[in-house]
Amino acid sequence: MVNVRGTERTMVDPEAVLTIHRRGEPLADDLSVPEDINVYLGSENHLSVERKYTSKFLCDLDLALYPFDVQRCFMDLQVLSAATDFVVLAEAISSVSYVGAELLIEYEVVGVKLAVSNNQTMAEAEVEVKLQRRVGYPIISIYVPTVILLILAYLSLVFRRDNFETRVMSALTVLLVLASLFTQVTRPPRMQILTSNSAKDAPSLSPPQTSTSLPKTSYFKMVDVWLLFSISLIFFVIVFHVLIDMAADGKLFASASRISSPLKVAPAEGKEAMEGGVSVVSHPAARGVAGWILGESPDSRFDRNRNLGNKLFTYALAFIPCYFSLFNVIYWIYIFA
């Protein structure tokens, strides 16, 4: 047994059962032998040794697609008593069957198959167990809560704009909850496969201990990418809150809160000239970034700031759903492709 914890091999002891399958007739009596014995040909009468083995085979899990991962665990067996010139494994009559429960705590047993190889110096057999993770619990405990939290953070954009503290504190609370969920880790799981080499018993799986937190790995998992995306989306929500509040106070762009100072005084014409009046023409200030956002700048400072806040509010309502939709398209295509 190659990939087990420690060194294990088959043995013949009081627990082993040797069976003689007598299917042929004995040879003719040899009168030169002074004993009354029957001799049978080995090609017609088979011997079988049956013993139950309980071993723990290690399986290294690749959790890059967690919790949508599919694992393949192997049980490697090798004949050490003799080379393939003397002992080979009969591939035609070799088989493996799994009779345990298909639905485990974290995984579902999708299939079990056997591969026999007599091409090496020693005959080898490999049992492959395909396991697919049950995604019901991770979706309910991770994805659904994060989506609800993202919706709450998005709804904070439609709160009253004059209540900046409430809007920002709502988004920050959601961010703290997601950060605490992201930092939950546990030791990496290992699947232990209990196997039996007897003809009557089939291998069974011993699932790893479950935990409500995420498995610890040295690489990013897909659930980590999802949580990082959720944190970044709430970050953008907070940024929009700050920008909208600064725009309302006239602090976002200087050109948005400043009225044109240069004035041009020209002689009045017509009736105003008879009355001795003058006409005042203001020079428009440089539009800059605020002018690009606002388009035609309003005349008053209040209208300027309100228009800029409305534009930023509209951009926020459109940007957050587009960002969420684009990420989900790429995320789920990568997983299921």
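Relevant structure appears above.
Scoring rules and cut-offs
- Residues numbered from 1 in each chain as written.
- Predicted model: local features only at pLDDT ≥ 70, side-chain atom pairs only at ≥ 80, totals over all residues.
- Heavy atoms only, no water.
- Axes fitted to C-alpha atoms, helices over the stretch in contact; angles between N-to-C directions.
- Helix = DSSP H or I, 4+ residues; strand = E, 2+ residues; numbered from the N terminus.
- Parallel < 35°, antiparallel > 145°, perpendicular 65-115°, else oblique.
- Contact = heavy atoms within 4.5 Å.
- Nonpolar A, V, L, I, M, F, W, Y, C, P; charged D, E, K, R; others polar.
- Expected span 1.5 Å × (residues − 1).
- Buried < 20%, exposed > 50% of the residue type's maximum accessible area, 1.4 Å probe, protein only.
- Disulfide = S-S within 2.5 Å.
- Salt bridge = Lys/Arg side-chain N within 4 Å of Asp/Glu carboxyl O.
- Core = buried A, V, L, I, M, F, W, Y, C linked by side-chain atoms within 4.5 Å.

1. Things to note about the packing of helix α1 (residues 136-155) against helix α3 (residues 222-249)
Inference 1: The interhelical angle for the contact between α1 and α3, taken along N-to-C directions, is 10°, at an axis separation of 10 Å. Taken together, the axes of α1 and α3 are roughly parallel relative to one another. Residues Ile-142, Tyr-143, Thr-146, Val-147, Leu-150 and Ala-153 of α1 form the contact with α3, whose own contacting residues are Met-222, Val-223, Trp-226, Leu-227, Phe-229, Ser-230, Leu-233, Ile-234 and Val-237.
Inference 2: Classifying every residue of the contact of α1 with α3 gives 13 nonpolar, two polar and no charged.

2. Regarding helix α7 (residues 301-336)
Inference 1: In a regular helix each residue adds 1.5 Å, so 36 residues correspond to 52 Å; α7 covers 53 Å between its end C-alpha atoms and thus fits that length.
Inference 2: Those residues of α7 that sit buried are Arg-304, Asn-305, Leu-308, Gly-309, Leu-312, Phe-313, Ala-316, Ile-320, Phe-327, Asn-328, Tyr-331 and Ile-335.

3. Considerations on the state of the cysteines
Inference 1: The final tally for this structure, using the stated rule, is one disulfide.
Inference 2: For Cys-59, the disulfide goes to Cys-73, at an S-S distance of 2.0 Å. Around the S-S axis, the bridge from Cys-59 to Cys-73 shows a dihedral of about -80° and counts as left-handed. With a gap of 14 residues between them, Cys-59 in strand β3 (residues 55-59) and Cys-73 in strand β4 (residues 70-78) connect regions that are remote in the sequence.
Inference 3: Exposure remark for Cys-59: the relative accessible area of 4% places this residue in the buried category.
Inference 4: Judged by relative accessible area, which is 0%, Cys-73 ranks as buried.

4. With respect to α3
Inference 1: In this model α3 runs 41 Å from its N-terminal to its C-terminal C-alpha over 28 residues, within 8% of the 40 Å that 1.5 Å per residue would give.
Inference 2: Immediately beyond the C-terminal end of α3, within one or two residues, lies Gly-250, with a positive phi of roughly 75°.

5. Description of the pattern of salt bridges
Inference 1: Counting across every chain of the model gives eight salt bridges.
Inference 2: The salt bridge involving Asp-13 is made with Arg-51; its shortest N-O contact spans 2.8 Å. Linking Asp-13 in the segment before β1 (17-21) with Arg-51 in the loop between β2 (46-50) and β3, this pair joins segments that are 38 residues apart in sequence.
Inference 3: Judged by relative accessible area, Arg-51 falls into the buried class, the value being 12%.
Inference 4: Among the salt bridges present, the one from Lys-221 reaches Asp-224, with a minimum N-O distance of 3.0 Å. This pair shows no difference in class: Lys-221 is buried, exactly as Asp-224 is.
Inference 5: Via salt bridges that share partners, Asp-13, Glu-15 and Arg-51 belong to a single interconnected network.

6. Topic: the nonpolar core
Inference 1: Counting residues in hydrophobic clusters, the biggest one holds 43 residues, and the most contacted among them are Tyr-143, Trp-226, Ile-234 and Tyr-331.
Inference 2: Of all elements in the fold, only β3, β4, β5 (107-117), β6 (124-133), α1, α2 (164-182), α3 and α7 reach the threshold of two or more residues within this core.
Inference 3: Beyond its immediate stretch of four places on either side in the chain, Trp-226 contacts Tyr-143, Thr-146, Val-147, Phe-324, Phe-327, Asn-328 and Tyr-331.

Any functional reading would require information that these geometric values do not contain.
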